[in-house]
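# Analysis of the macromolecular model
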Amino acid sequence: MLKTTAYTRSLYSTLIRSVVRYLTSRKIMASSNLETKLSFQDEKQKFLNMPIEEKRSFYKSNVNTVDGIATWAEYWTKKRNNTDVKASKEGQKADEELAGKVSIWQGDITTLDIDAIVNAANSRLIPGGGVDGAIHRSAGPYLKMECATLGGCPVGKAKITGGYMLPAKYVIQTVGPQGEKPDKLRECYENSLLLAKENNLRTIAFPCISTGIYDYPQRPAAEVAISTVKKFLLDNKNSMDRVIFCLFLDSDKEIYEDLLPKYFGPN
């Protein structure tokens, strides 16, 4: 009887110590998560409220503003004058007002001084390669900290974070599909634009989502991107001032130059 009592007491003691250790560890983790949240929130607000002159000291390269990027209407006019390109009949029917709300621009998306840039992220929202890695490197460590609190992001969905040391105020994280899945790719553009609208962001730039290591063919991906943006602008004419298709490869530029007249026409 005494042995049983001693064994029971020992078991209870071990159990109590385990519970205490578990609760203590949970408390430490909760405290750490709270400190992390407070830390990036403070930095996020600091950069959002920072005077532009002060923020420019954090930029790692020259920045590009929306005023310095030609609209599609301006771009097409210049190209047509220089190359004697003929306007297509389909293009002629396009809305000229919409042609003033879109741009193609070949350059580094991390240098754009606009309301939001879109990141082609992975579903875990951890820094990766390509445009994702470049955005994280330019934004600094607090972007990774904020992303860690978002619980990941499913394919086709979008989540918004601060821009921190980027010229852009915000980064919209979206996860593209692997392979040619037009419905999911369309969701990436739709959800990113809707998120920008909900947050009163009027200028936004998209990379070529999923056309890198996710192996979405370039031209079909561009068709989805352009058609989705046009539909959004038609349905929400007063919510967006400029949508920039940020292109990196010469081949992407050629594809967008070929496709845009069919959707937005010449001016």
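A short tour of the structure in this document, coming up.

About the cut-offs
Residues numbered from 1 in each chain as written. Predicted model: local features only at pLDDT ≥ 70, side-chain atom pairs only at ≥ 80, totals over all residues. Heavy atoms only, no water. Helix = DSSP H or I, 4+ residues; strand = E, 2+ residues; numbered from the N terminus. Buried < 20%, exposed > 50% of the residue type's maximum accessible area, 1.4 Å probe, protein only. Contact = heavy atoms within 4.5 Å. Areas by Shrake-Rupley, 256 points an atom, 1.4 Å probe, with all protein chains shown as cover. Pairing = 2+ DSSP bridges. Axes fitted to C-alpha atoms, helices over the stretch in contact; angles between N-to-C directions. Phe/Tyr/Trp six-rings, centres within 6.5 Å; stacked < 30°, edge-to-face > 60°.

### Topic: the overall build of the protein
The secondary structure content of the protein amounts to 10 helices and 8 strands. Per-residue burial for the protein yields a buried fraction of 42% across its 267 residues. In the protein, the share of contacts with a sequence separation of at least 24, taken over all contacts with a separation of at least 6, comes to 74%. Surface summary for the protein: the accessible area is close to 14400 Å², and the carbon and sulfur share equals 53%.

### Structural notes on the sheet that holds strand β5 (residues 158–162)
One open sheet holds the 6 strands; their spatial order is β2-β8-β7-β4-β6-β5, and the pairing between them is mixed. Looking along the sheet, the strands with just one partner apiece sit at the ends: β2 (102–106) and β5. When the angles between neighbouring strand axes are averaged without regard to direction, this sheet yields 25 degrees. Inspection of the sheet shows β5 paired to strand β6 (residues 170–175) by 5 bridges, in the antiparallel sense. Bridge assignment links K159 to a residue of β6, and that residue is Q173. Relative to the sheet, helix α10 (residues 250–264) contacts β2 and β8 (242–247), its axis offset from that of β2 by approximately 170 degrees.

### Quick word on the packing of aromatic side chains
Working definition: an aromatic ring pair is given by the centre-to-centre distance plus the angle between the planes. In total, this model carries 5 aromatic pairs according to the counting rule given. The interplanar angle of 25 degrees and the centroid separation of 5.6 Å between the aromatic rings of W72 and Y75 together place this pair among those described as stacked. Taken together, the residues span about one helical turn, with W72 and Y75 both in helix α3 (residues 72–83) at a distance of 3 residues. Ring geometry for W72 and W76: centres 5.7 Å apart, planes at 50 degrees, overall tilted. Of the two residues, W72 and W76 are both situated in helix α3; the distance of 4 residues between them amounts to about one turn of the helix. Of the two residues, W72 and W76, both sit in the buried class. The structure contains a cluster of three or more aromatic residues connected by ring pairs, namely W72, Y75 and W76.

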